[in-house]
Amino acid sequence: MAFPEPKPRGPELPQKRVKTLDCGQGAVRAVRFNVDGNYCLTCGSDKTLKLWNPLRGTLLRTYSGHGYEVLDAAGSFDNSSLCSGGGDKAVVLWDVASGQVVRKFRGHAGKVNTVQFNEEATVILSGSIDSSIRCWDCRSRRPEPVQTLDEARDGISSVKVSDHEVLAGSVDGRVRRYDLRMGQLFSDYVGNPITCTCFSQDGQCTLVSSLDSTLRLLDKDTGELLGEYSGHKNQEYKLDCCLSERDTHVVSCSEDGKVYFWDLVEGALALALPVGPGVVQSLAYHPTEPCLLTAMGGSVQCWREEAFEAEGGTS
């Protein structure tokens, strides 16, 4: 006798706080998961970058070498390297294990808002307030970038990278997608200054947040508007947005102290998660599990689904 397949469970949203990290690095400007979601990076206004095990709440290493506050960071696919950018206009390549600066790339004329590795971690892409994206070869000793993308008319707020594309959001109100295989540039006009862009997990869509307190889901190939999501507040800060690990929900920071979750297809607000009294400055979503990190003030909060049991209780 064959038993019926169990019904697939609906997506669970991370709404139970299981850990708070007091980061001790001034204001946390950004929080980022590493590639497999086991570790996270926090970028501090005190010029440091820190590596944590977020579920355990343990600090693993501190990286010092920036001359001003750190604004973004990313880990390589093999967890051996980190890159970061900040208010000192520098892009830094770090060795994870030793904590040492491997290279410091200079060339941007203003603060670096966003950094990403390419898939092989051979190139760092950095987006700056100076309106350019610069591509730095991690293996070369050349001080200048191997390529500069300078189509934007105002600061670059967000850069994301797939295996053959670069997705960039700018304060000029445009989302630009560079298809490196085809050698083509696609541009979609949103109108308001863009604060964050990202690819959906399936690579078919792009999510764009802007300073009119609205997120928009666009078809990546046609630019068609597939959905709009609002109810949160984003009028003055560069705030993060993303899609949940299974593309079921749109997630955004907000200036009213909450993280907002919308049903991707319906567009309806599913959850407004109260984090605290300030601006939710940054967020990071685990690549495969319902686990969310939020940054507010000098601390990072780790959230899991209701049924989650933490090792050794919660704190």
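Residues numbered from 1 in each chain as written. Predicted model: local features only at pLDDT ≥ 70, side-chain atom pairs only at ≥ 80, totals over all residues. Heavy atoms only, no water.

> Lay out the packing of aromatic side chains with the relevant residues and their values.
Within this structure, the stated rule accounts for four aromatic pairs. Ring geometry for Tyr 229 versus Trp 262: centroids 6.2 Å apart, planes at 55°, classification tilted. Here the residue Tyr 229 occupies a position in strand S21 (residues 225-230), and Trp 262 occupies one in strand S24 (residues 258-263), the gap between them amounting to 33 residues. Each member of the pair, Tyr 229 as well as Trp 262, is classed as buried. Among the aromatic residues, ring-to-ring pairing joins Tyr 229, Tyr 260 and Trp 262 into one connected group. Here the guanidinium or amino end of Arg 304 rests over the ring plane of Phe 308, the centre of that ring lying 4.1 Å away. (Phe/Tyr/Trp six-rings, centres within 6.5 Å; stacked < 30°, edge-to-face > 60°. Helix = DSSP H or I, 4+ residues; strand = E, 2+ residues; numbered from the N terminus. Buried < 20%, exposed > 50% of the residue type's maximum accessible area, 1.4 Å probe, protein only. Lys NZ or Arg CZ within 6 Å of the ring centre and 35° of its normal.)

> I'd like to hear about the layout of surface pockets, residue by residue, with values.
The computed volume of the largest pocket comes to approximately 1300 Å³. Elements with a minimum of two residues in the lining of the largest pocket: strand S2 (28-33), strand S6 (70-75), strand S10 (112-117), strand S14 (156-161), strand S18 (194-199), strand S22 (241-243) and strand S26 (282-285). Looking at the lining of the largest pocket residue by residue, the classes come out as 20 nonpolar, 14 polar and nine charged. By volume, the second largest pocket amounts to about 460 Å³. In terms of lining, the second largest pocket is formed by 24 residues, of which the most central are Lys 111, Asn 113, Tyr 237, Lys 238 and Gln 281. Those elements that provide at least two residues to the lining of the second largest pocket are S2, S14 and S18. Of the residues assigned to the lining of the second largest pocket, the class counts are ten nonpolar, six polar and eight charged. (1 Å grid on protein atoms, 1.4 Å probe; cavity = no way out; pocket = protein on both sides within 12 Å on 5 of 7 lines; lining within 4 Å. Points joined across faces, edges and corners; volume = space filled by probe spheres on them. Nonpolar A, V, L, I, M, F, W, Y, C, P; charged D, E, K, R; others polar.)

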